[in-house]
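Coordinate analysis (summary)
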Amino acid sequence: MHTLRRILDAVVGTACCIVLAAMVAVLAWQVFSRYALNAPSTFSEEFLRFGVIWMSLLGAAYSAGKGTHMAIDLVPEMTSGSLRMILKALVPISFMIFAVLVLIIGGMRGVNIAVGQHSPVLRVPMGLVYASLPVSGGFILVYSILNLVEILFGKRDFPDQVEKIAATGD
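Below or above, wherever it landed, is the structure these notes cover. Computed from a predicted model, the values in this text were never measured in an experiment. (Residues numbered from 1 in each chain as written. Predicted model: local features only at pLDDT ≥ 70, side-chain atom pairs only at ≥ 80, totals over all residues. Heavy atoms only, no water.)

Thoughts on the pattern of salt bridges
- Applying the stated criterion to the full structure yields 3 salt bridges.
- One salt bridge connects arginine 5 with glutamate 150, and the closest N-O pair in it is separated by 3.1 Å. Placement of arginine 5 in helix H1 (residues 2-35) and of glutamate 150 in helix H6 (residues 132-152) is noted, with a sequence separation of 145 residues between them. Each member of the pair, arginine 5 as well as glutamate 150, is classed as buried.
- A salt bridge links arginine 49 to glutamate 45, with the nearest nitrogen and oxygen atoms 3.4 Å apart. Highlighted residues: arginine 49 and glutamate 45, both in helix H2 (residues 44-66), separated by 4 residues, approximately one helical turn. (Salt bridge = Lys/Arg side-chain N within 4 Å of Asp/Glu carboxyl O. Helix = DSSP H or I, 4+ residues; strand = E, 2+ residues; numbered from the N terminus. Buried < 20%, exposed > 50% of the residue type's maximum accessible area, 1.4 Å probe, protein only.)

Printed below as a string of structure tokens:
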């Protein structure tokens, strides 16, 4: 299970890094072409918009896997024993329900609707943009299953407050 988590972290983290690097390069080109060449890039705005969509959803999956997502942990911290474990288990269970119903099933409906459409500038099939929903939903589902199993067997290390603050950039 630890190996699967490390593989998922590597895949999702690498994908986020690649998307971010591509976005920085395209943004630099956009600024250069606009101010140095006086010929603004036509593709960059659309590319960056699609990059933000993918980056946000992959980042949400990575955050769910690390446990640095936003959560209200006041009540579980005030309890102990099995009640605390049940309350902690509600987070991955709710993530699983959301991932399946909204991201995977709803995302696949969006992909099926948009598969015949193309973006105006890049001519990218919009199904590829909407595919970010079921892809991130699949990652969130797998991460949530791993988190739930680790909570139930008492092997889950929850991030402390410093780690959560560092993950949000505050």
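Quick notes on H1
- Under the 1.5 Å per step criterion, the end-to-end length of H1 is 49 Å for 34 residues, consistent within 8% with the ideal 50 Å.
- Contacts made by the buried residues of H1 are with H2 and H6. (Expected span 1.5 Å × (residues − 1). Contact = heavy atoms within 4.5 Å.)

Overview of the nonpolar core
- Leu8, Val12, Cys16, Leu58, Ala61, Ala64, Ala99, Leu103, Phe139, Ile140, Tyr143 and Leu146 together form the largest nonpolar core, which totals 12 residues.
- Elements with a minimum of two residues in this core: H1, H2, helix H4 (81-114) and H6.
- It is H6 that provides the largest number of residues to this core, a total of 4 residues.
- The contacts of phenylalanine 139, once residues within four sequence positions are left out, are Leu8, Val11, Val12, Leu58 and Ala61. (Core = buried A, V, L, I, M, F, W, Y, C linked by side-chain atoms within 4.5 Å.)

Side note on the packing of H1 against H6
- Here H1 crosses H6 at 150 degrees, and the two axes come no closer than 11 Å. Taken together, the axis directions place H1 and H6 in an arrangement best described as roughly antiparallel. As for how H1 packs across H6, the hand of that crossing is left-handed. The residues of H6 that touch H1, namely those facing Leu4, Arg5, Leu8, Asp9, Val11 and Val12, are Phe139, Val142, Tyr143, Leu146, Asn147 and Glu150.
- Residues that form the contact of H1 with H6 fall into these classes: 8 nonpolar, 1 polar and 3 charged. (Axes fitted to C-alpha atoms, helices over the stretch in contact; angles between N-to-C directions. Parallel < 35°, antiparallel > 145°, perpendicular 65-115°, else oblique. Left-handed = near helix turned anticlockwise from the far one by under 90°. Nonpolar A, V, L, I, M, F, W, Y, C, P; charged D, E, K, R; others polar.)

All quantities given are derived from atomic positions and should not be read as evidence of function.
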